[in-house]
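Per-entry structural report
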Amino acid sequence: MSRLKPPTKEQSQLLPPFQALPDAAIIVPVTEAEFAQARTELLAQSALGFDTESKPLFHVAQVDTGPHVVQLATPQRAWILQLHHPQALALAREVLGHPGICKVGFGLDNDQSSLPRRLGTELAHIVDLDRVFKRHGYGASTGVRAAVALVLGQNFQKSKKQSTSNWSLPRLSEGQLRYAANDAHGPAVVYAALPAWEAAQPVAATARAPRAARAAAPAPATPTAAPRPTAPAGGAERRPRVAALFQAPSRKSAD
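Residues numbered from 1 in each chain as written. Predicted model: local features only at pLDDT ≥ 70, side-chain atom pairs only at ≥ 80, totals over all residues. Heavy atoms only, no water.

A short note on helix 6 (residues 143-152)
To keep it simple, the criterion reads: Exposure categories follow from relative accessible area, calculated using a 1.4 Å probe and restricted to protein chains: below 20% of the type maximum is buried, above 50% is exposed, and the middle band is partly exposed. Secondary structure elements are defined from DSSP: runs of H or I of at least 4 residues count as helices, runs of E of at least 2 residues count as strands, and each element is numbered from the N terminus. Throughout, a residue-residue contact means that at least one pair of heavy atoms, one from each residue, lies within 4.5 Å.
Summarising burial for helix 6: 7 of the 10 residues are buried, a large majority. Every buried residue belonging to helix 6 is among G143, V144, A146, A147, V148, A149 and V151, and all of these are buried. Residues of helix 6 that are buried make contact with helix 1 (9-12), helix 5 (129-135) and helix 8 (174-199). G153 sits one or two residues past helix 6 and shows a positive phi near 65 degrees.

Written out as structure tokens, the structure reads:
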């Protein structure tokens, strides 16, 4: 069976723009108090959008020291954790290893192999949303742009210039912070809207019954043979569901 095709980049550009987070909703903790506040708010969530950024490698001899940034988000705000801060490393380790918090994103295979080494712990409750869309008949790598177009009917823009910038810098630019925040915010918003979108999707047809079972009537009874029973009808396929429970933080940190 052929795969469904998600909207192309050109088709997505015809849609209304995705509502990016305002700068005031992008939290970059630096002080002890800011990390404590971020920890309180992050651990209060049941689900978070998730992504990472790394300094790009341009030749084989370079040593990969990333990821350098972990970004986490709800539909309302985002936290940027620069892993050169010991407190950021500890907080990322705690959140990403927390089995009670679902971390959702796109194309997470590389993160799931590199982050345990970087953080010194195994990741827990990670959901790659590409696999959700694959269950609905799309390819293996739908990605956040196409998912936003499919689920939200909006155009999610990504800057290639920012994606290949130096994420190991001790101080990130405003453009980098916005890019990183929305790379986690997009999956968070898609995940929150997934139950309604999935409920509207057609359920894949169940396997057809064997030809013999679809034949008309059973054979007539004889003194030596009982009627041939017809095959039971196949059961309906259960529609997959994805929970999307975001909790607003109990109190906001200072912007």
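Details of unusual backbone geometry
Unlike most non-glycine residues, H125 shows phi in positive territory, near 55 degrees. Locating H125 in the fold gives a position in the loop between helix 4 (109-119) and strand 6 (126-128). We classify H125 as partly exposed; its relative accessible area is 41%.

Some words on the nonpolar core
Spelled out, the test is: Nine residue types can take part in a nonpolar core, namely buried Ala, Val, Leu, Ile, Met, Phe, Trp, Tyr and Cys, and a core is a set of them joined through side-chain atoms within 4.5 Å.
In terms of nonpolar packing, the biggest core is built from 23 residues, with F50, V70, L72, L81, L96 and L119 touching the most fellow members. Put simply, the parts of the chain that give this core at least two residues each are helix 2 (32-43), strand 2 (47-53), strand 3 (69-73), strand 4 (78-82), helix 3 (86-96) and helix 4. Looking at this core element by element, the count peaks at 6 residues for helix 3. Excluding anything up to four places from it in sequence, L119 contacts L83, L89, A92, R93 and L96. One finds C102, V189, V190 and Y191 within the second-largest nonpolar core, a separate group that totals 19 residues.

Notes on the pattern of salt bridges
In plain terms, the rule: Basic side-chain nitrogens of Lys or Arg form a salt bridge, by our definition, when they fall within 4 Å of a carboxyl oxygen of Asp or Glu.
Enumeration according to the criterion identifies 8 salt bridges in this entry. The salt bridge partner of R77 is E41, with a shortest N-O separation of 3.1 Å. Here R77, found in the loop between strand 3 and strand 4, pairs with E41, found in helix 2; they are 36 residues apart in sequence, far enough to count as distant. Exposure class is identical for R77 and E41. Each is buried. Bridged by salt links that share partners, the residues D23, E174 and R178 form one connected network.

Here's the deal with the side chain of Q201
We apply this condition: The definition of a polar contact used here is a pair of N or O atoms within 3.5 Å, where within protein one atom must be able to donate a hydrogen and the other to accept one, and adjacent residues in sequence count solely through side-chain atom pairs.
Mapped onto the fold, Q201 is located in the loop between helix 8 and helix 9 (211-214). Its relative accessible area of 17% is what places Q201 among the buried residues. Within polar-contact distance, the side chain of Q201 engages the backbone oxygen of W197 at 2.9 Å.

Considering the packing of aromatic side chains
Under the convention used in this document: Any pair of Phe, Tyr and Trp rings, taking the six-membered ring for Trp, is counted once the centres come within 6.5 Å. Such a pair is stacked with planes under 30 degrees apart, edge-to-face with planes over 60 apart, and tilted for the rest.
Counted according to the given criterion, the structure contains 5 aromatic pairs. When the ring of F18 is compared with that of F156, the centres are 5.2 Å apart and the planes differ by 55 degrees; the resulting orientation is tilted. One end of the pair, F18, is in the loop between helix 1 and strand 1 (26-27); the other, F156, is in the loop between helix 6 and helix 7 (160-163), and 138 residues separate them in sequence. On the basis of relative accessibility, which here comes to 11%, the residue F18 falls in the buried class. Plain terms: the ring middles of F133 and W197 are 5.2 Å apart, the flat faces sit at 50 degrees to each other, and that makes the pair tilted.

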